[in-house]
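The residues making up each chain are set out below.
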Amino acid sequence: MRISKRKFLASSSSIFLSSKIKARTNYQRKYDVIIIGAGLSGLNAAIILENQGLNVLLLEGSSRVGGRVYTGDNIDGKPELGASQVGPFYGRVRDIAHKLNVKLLPGSNMSSPYAFFIDTDLIKKNEWLNHRINNTNKSEKNILPSVLLDYYFSKYNKLQGGDDWLKSNAQQYDIPLGLWLQKNGASQEALNLINQGPIDADIWNVSALHLLHNDARGRLWFSSKNSSRILDRFQKRSPTSDRIEGGSSRLPEAMAENLKSEILFNQIVTKIEMIQQSVEIKCLNGNVFKSRFVISSIPFTTLSSISINPPTLSLQSEAIRLMPYRANSQVHLRFTGENYWDIDGYD
C-alpha cells in the first residue's frame, strides 16, 4: 500500500559538550515529556516545552548533540558532515540563532560552478554540449546536468504561490517525480542524469508535488533577484543563504547550553511502552525512564528499529517503515601546491 504525503500529514497528530550538561542517575523520576533525540528538532521541542513549565528529559543515542548537524571539528578545514547552510526560508533556525546570539555569516559553502563526473568521464561545463555521452534530446542538449530538473520546473511547474500545493487541483501532481518528468517530455537520458543528482531517495520514490511546492516557494523569493537564466538550487540559494560562524554544530551546542532540562547521552532507545496514562522507555544499556508523554525526533530509519507498544496507526507505521532517505558520501583530501583543478581548467 502506498500513501501520499498529503494523506500522511492529514492522518498524523504529531509524530563531549560543555560541563554544564550533566547526566543524573535518578531514573525513577517521572517526567512530563521525554524527547528521543537531541538534534535540532529535539532541542527545539525541549526549549518550547521547558518554556511552558514542563519537566523535560532528552535521551540521545550518541555522545553529542546535533544529530545530522555535525561539523567535522577534528578534520582540516572543519567541513560540514551534515547540514551546511541556512537558507532564506529557514525562519525557525534563524530565529533561534538570533535569540541565542549564534552569528550567521553571509554565503554558503555549497555553490557552483561545477565540473561533472559521469560514468568514467570528468567533464568541464563548456564540454557538455558536444560531449560523446550527452545523449539527451534536442531541447535538453545544451542544459547542464545540474540544472536539468530546474529546466523542467521552469517550463512546466503550474504552482505559483506558496500555498498552491494545498489546493485540490494540485493533487494530480502527487505522483513520482520521474512520471511527472516523463509526462512533460523528459528523455530517458535526462531522467538518468537527474536521478544521479541531489534528489531525496530517487525520482521514482519522491513526490513531484513536494518538489514543485519547494520550487514555487523558491520562485517567490528569487524572482526579483535573478535573470531568466536557469539556475540549480545551490546557485539560487548561495547568494541569499547563510552559514553559522564556526560551523553548524555551534547552533545545537548553544541550544543545549540554553536548556535547564537534562540531556543523557549514549542512551539508545530500544522500546517504547505506553501504559495507561504513562510511557515507559527502555534503553539498550538497561536504563528505564518514565514520563507522561514521549516525542520522537529521530529519523524514521532509526525509529523503525524501536519496538513501540501499542503500535502506531497503519498509515504512520507504513510511513516510518518506507520513508526513503538518501545516503551522503563525502571524501576529504588534503593537498599541497597550486590548485590543480584551476591549472587543468576545471571549476
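See the structure above.
Residues numbered from 1 in each chain as written. Predicted model: local features only at pLDDT ≥ 70, side-chain atom pairs only at ≥ 80, totals over all residues. Heavy atoms only, no water.

**Comments concerning the pairing of strand β2 (residues 56–59)**
- Judged by which residues are buried, β2 turns out to be covered on both faces: Val56 and Leu58 on one side and Leu57 and Leu59 on the other are all buried.
- When strand β1 (residues 30–36) meets β2, the two strands line up parallel, connected through four bridges. Across the sheet, the residue bridging to Ile35 is Leu58, located in β2.
- Since β1 and β2 lie parallel, the crossover through helix α2 (residues 40–51) that links them has a hand, and here it is right-handed.
- Two elements, β2 and strand β7 (residues 262–264), share three bridges in a ladder whose sense is parallel. Residue Leu57 lies in a different strand from β7, and its bridge partner there is Glu262. (Buried < 20%, exposed > 50% of the residue type's maximum accessible area, 1.4 Å probe, protein only. Helix = DSSP H or I, 4+ residues; strand = E, 2+ residues; numbered from the N terminus. Pairing = 2+ DSSP bridges. Right-handed = clockwise from strand over helix to strand, strands pointing away.)

**A few points about helix α3 (residues 91–99)**
- Restricting attention to buried positions, one finds in α3 the residues Val93, Ile96 and Ala97. One face of α3 carries all of its buried residues, which in axial projection span an arc of 105°. Projecting away from the buried face of α3 at angles above 90 degrees are the exposed residues His98 and Lys99.
- Next to the buried residues of α3 lie α2, β3 (104–106) and α9 (250–258).
- Phi turns positive one or two residues past the end of α3, at Asn101, with a value near 60°. (Arc of directions from axis to C-beta. Contact = heavy atoms within 4.5 Å.)

**Focus on unusual backbone geometry**
- The amide bond that connects Asn309 to the next residue, Pro310, takes the cis arrangement and shows omega of -5°.
- Tracing the backbone through its elements, the reader meets Pro310 in the loop between β11 (307–309) and α11 (314–322).
- In this structure, Asp119 is a non-glycine residue whose phi angle is positive, near 55°.
- Counting through the fold element by element, Asp119 comes out in the loop between β4 (116–118) and β5 (121–123).

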